[in-house]
Amino acid sequence: MKILVTGGVGYIGSHTVVELQQKGYEVIIVDNLSNSNIGVLDAIAEITDIKPAFEEFDLVDKNLTEDFFKRHSDIKGIIHFAAYKAVGESVAEPLMYYRNNLYSLVNILQGMKDNNIENLVFSSSCTVYGQPEELPVTENAPVQKAESPYGNTKQISEEVILDTVKSTDIKGIALRYFNPIGAHESAIIGELPLGIPNNLMPFITQTAIGIREQLSVFGDDYNTPDGTAIRDYIHVVDLAKAHVIAVERMVNKKMKKSFEYFNLGTGNGYSVLEVIKSFERVTEQKLNYKIVGRRAGDVEQVWADTNFANDELGWKAEQSLDKMTLSAWKWEQKLASNK
Ligand code: UFG
């Protein structure tokens with residue numbers, strides 16, 4: 001069964017391609033390589049013994065996307081990862097974010113409609129909940145006004161899909177990710193941030209390996225037990241497995257509504273200092289960090305209620321925080337040894 005994975009060369013995409021291929025799916029990747037490295041295709045082949053089919057083009061281009069779908073109308077499902085994802089950059093370059101993240105989705109949905117492709121899994125984010133009033137946050141919590149153009153593209157995308165499923169045979173599953181971290185246990189694929197990382201985990205590992213001098217911890221005056229902000233960190237392989245299950249649910253016609261939303265987290269919240277302590281524990285080294293002021297736009301605390309995903313998808317995140325931080329470290333060491 002043929003599955004299109006857009007952004008399949010990227011961080012979450014590549015881990016998902018591995019899981020799909022290991023379950024026997026035929027994968028075709030479309031990626032414009034704007035934030036990824038072509039070498040990942042060989043890395044995927046090293047893990048799975050299969051090099052996925054790959055086409056390099058930009059899904060923002062309507063004609064190229066139309067042409068692609070004409071040639072691949074036998075696709076049974078699409079997992080759409082391809083998008084820009086840096087919150088700060090989206091504030092500086094909103095049009096770039098709206099154009100890239102929304103045009104590509106519209107072009108994909110059009111291709112699905114024209115070629116009778118029914119199943120779409122969409123990469124969404126817990127950012128749609130903002131700072132929830134109740135924790136843990138369920139899928140029924142109200143969507144709050146987005147803090148950034150990036151977050152807004154996720155909210156608008158969910159609405160675009162919702163409107164589309166109402167008037168076509170297309171079905172959608174939005175997976176709302178909490179904070180994906182870690183790398184494949186083989187350390188053959190992982191996260192490859194370009195430039196200075198925005199996210200906590202790659203900043204920690206790059207500091208420990210000596211690429212960055214010091215980690216700044218953004219704020220210790222939050223209303224949390226140790227004063228630092230709390231997130232629900234989830235291992236990227238656990239996340240990848242949920243995508244395969246979502247595809248299976250769609251192709252086996254197990255959906256209860258034509259558009260469903262699921263939280264993908266572990267259900268546990270950890271503070272920034274707890275993540276640092278886990279990293280120090282599993283790697284047996286001290287991390288150079290200092291407390292600085294809060295980062296604009298950060299929510300104080302958020303973690304997932306995962307009951308709906310656990311019950312409906314029959315999926316549960318399995319890997320502990322220590323396993324996540326250790327796998328991220330092994331990946332950073334592997335990158336350093338390749339230099
Ligand atoms: N943090 C630091 N120092 C750093 C980087 C991060 O202290 O150098 C802190 C942040 O302030 C936050 C926590 O670590 O408290 C996690 O920050 P990340 O940047 O790793 O993740 P975010 O929760 O800010 O962002 C993630 C995704 C976004 C998404 C957002 C939704 O990366 O795509 O969740 O809340 F929009």
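Residues numbered from 1 in each chain as written. Predicted model: local features only at pLDDT ≥ 70, side-chain atom pairs only at ≥ 80, totals over all residues. Heavy atoms only, no water.

## Notes on the overall build of the protein chain
Applied cut-off: Helix and strand definitions follow DSSP, with helices as H or I runs of at least four residues and strands as E runs of at least two, each counted in order from the N terminus. To get the radius of gyration, use the C-alpha atoms; to get the globule rule, take the number of residues to the power 0.38 and multiply by 2.2 Å. Whether two residues are in contact is decided by their heavy atoms, any of which lying within 4.5 Å being enough. Areas reported here follow the Shrake-Rupley algorithm with a probe of radius 1.4 Å; residue values treat only the protein chains shown as occluding. His residues and chain termini do not enter the charge count, which takes Lys and Arg as positive and Asp and Glu as negative. Note that the charge is assigned to NZ on lysines, CZ on arginines, CG on aspartates and CD on glutamates.
Counting its secondary structure elements, the protein chain contains 11 helices and 13 strands. Taken against the 2.2 N^0.38 rule, which gives 20 Å for 339 residues, the C-alpha radius of gyration of the protein chain at 19 Å falls within 12% of a compact globule. With the C-alpha coordinates of the protein chain rotated into their principal frame, the extents come out at 55 × 45 × 40 Å. Looking at the protein chain alone, contacts between residues at least 24 apart form 80% of all its contacts between residues at least 6 apart. Here the protein chain displays about 15,300 Å² of accessible surface, and carbon together with sulfur accounts for 47% of that area. Distance between charge centroids for the protein chain: 2 Å, based on 34 positive and 46 negative side chains.

## Regarding the packing of aromatic side chains
Cut-off, in case you're wondering: In this scheme Phe, Tyr and Trp rings, the latter by its six-membered ring, pair at centre separations within 6.5 Å, and the angle between planes marks the pair as stacked below 30 degrees, edge-to-face above 60, and tilted otherwise. We call a residue buried when its accessible area falls under 20% of the maximum for its residue type, exposed when it is over 50%, and partly exposed in between, using a 1.4 Å probe and counting protein chains only.
Summed over all chains, the structure comprises seven aromatic pairs. Ring plane angle 20 degrees and centroid distance 5.0 Å describe the contact between F262 and F308, whose orientation is recorded as stacked. Pair noted here: F262 is in strand β11 (residues 259-264) and F308 is in helix α10 (residues 307-313), with a separation of 46 residues, a long-range link. Note on F308: relative accessible area 35%, which makes it partly exposed. Taken together through their ring pairs, the aromatic side chains of F57, F68 and F69 make up a single cluster.

## Concerning the domain arrangement of the protein chain
Using the following cut-off: Source of the domain bounds: an automatic or database domain assignment. Joining two parts hides part of their accessible area as seen by a 1.4 Å probe, and the buried area is that hidden amount summed over both. Definition used for salt bridges: Asp or Glu carboxyl oxygen within 4 Å of a side-chain nitrogen of Lys or Arg.
Entries for the protein chain in the domain assignment read domain 1 (2-181 + 233-264) and domain 2 (200-230 + 267-338). On a C-alpha basis, the centres of domain 1 and domain 2 stand 24 Å from each other. Summing both partners gives a buried area of about 2,500 Å² for domain 1 against domain 2, and 66% of it is carried by carbon and sulfur. At the boundary of domain 1 and domain 2, one finds two salt bridges.

## Here we look at the sheet that holds strand β3 (residues 53-55)
As a reminder, the rule being used: Think of it this way: DSSP has to see at least two bridges between two strands before they count as a pair. Angles run from 0 to 180 degrees between N-to-C directions of axes, and those axes are lines fitted to C-alpha atoms, restricted for helices to the stretch in contact.
Taken together, seven strands build an open sheet; the order of strands is β3-β2-β1-β4-β5-β6-β11 and the sheet is parallel. Strands at the two margins of the open sheet, each flanked by one partner only, are β3 and β11. When strand polarity is set aside, the average angle formed by the axes of neighbouring strands in this sheet is 20 degrees. Summarising the sheet, strand β6 (residues 171-177) and β11 pair through six bridges and their orientation is parallel.

## Quick word on the site of the ligand
Applicable threshold: Think of it this way: one heavy atom of a residue within 4 Å of a molecule or strand is enough to make that residue near it. Polar contacts, as counted here, are pairs of nitrogen or oxygen atoms within 3.5 Å of one another; within protein the pair requires one atom able to donate a hydrogen and one able to accept it, and residues that are adjacent in sequence qualify only if both atoms are side-chain atoms. Three classes are used, and their members are as follows: Ala, Val, Leu, Ile, Met, Phe, Trp, Tyr, Cys and Pro are nonpolar, Asp, Glu, Lys and Arg are charged, and the others, Gly among them, are polar.
Looking at the ligand, there are 21 residues lining it, with L200, S216, R231, R295 and D298 nearest. Between the ligand and the protein, one listed contact pairs an oxygen atom with a side-chain N or O atom of R231 at 2.7 Å. A distance of 2.8 Å separates an oxygen atom of the ligand from a polar atom in the side chain of R295. Contact with the protein chains covers 89% of the free accessible surface of the ligand, which is 690 Å². Looking at the shell around the ligand, the elements with two or more residues in it are α7 (200-209) and β8 (215-218). For the shell around the ligand, the element with the highest residue contribution is β8, accounting for four residues. Considered class by class, the residues forming the shell around the ligand number 11 nonpolar, six polar and four charged. Split by domain, the shell around the ligand shows at least three residues from each of two domains, domain 1 (2-181 + 233-264) and domain 2 (200-230 + 267-338).

## Focus: the packing of α7 against helix α11 (residues 321-338)
This is how it is decided: In these notes the angle categories are as follows: under 35 degrees is roughly parallel, over 145 is roughly antiparallel, 65 to 115 is roughly perpendicular, and the rest is oblique. For any pair of crossing helices, the crossing counts as left-handed if the nearer helix is rotated counterclockwise from the farther one by less than a right angle, and right-handed if it is rotated clockwise.
In the contact formed by α7 and α11, the axes pass within 10 Å of each other and the chain directions differ by 50 degrees. By the angle between their directions, the pair α7 and α11 is classed as oblique. Every pair of crossing elements has a handedness; the one defined by α7 and α11 is right-handed. Together, M201, P202, T205, Q206, A208 and I209 of α7 and T325, A328, W329, E332, Q333 and A336 of α11 make up the contact between the two elements. Partitioning the contact of α7 with α11 into residue classes produces seven nonpolar, four polar and one charged.

## What about the environment of V18?
Relative to the helices and strands, V18 resides in helix α1 (residues 11-22). In contact with V18, other than residues within four places in its own chain, are I44, I47, T48, H184 and I189.

## Brief notes about the pattern of salt bridges
Here the structure, examined in full by the defined rule, presents 17 salt bridges. Two residues, K2 and D74, come together in a salt bridge whose shortest N-O distance is 3.1 Å. Here D74 lies in the loop between α3 (62-71) and β4 (77-80) and K2 lies in strand β1 (residues 2-6), a separation of 72 residues in the sequence. With relative accessibility at 40%, the residue D74 sits in the partly exposed group.

## A few points about the packing of α7 against helix α9 (residues 272-283)
Packed helices, taken two at a time, are described by the angle between their axes plus the distance between the axes. α9 packs onto α7 with a crossing angle of 40 degrees between their chain directions and a minimal axis gap of 11 Å. Between α7 and α9, the angle falls in the class oblique. Every pair of crossing elements has a handedness; the one defined by α7 and α9 is right-handed. Residues L200, M201, I204, T205 and A208 of α7 pack against V272, V275, I276 and F279 of α9.

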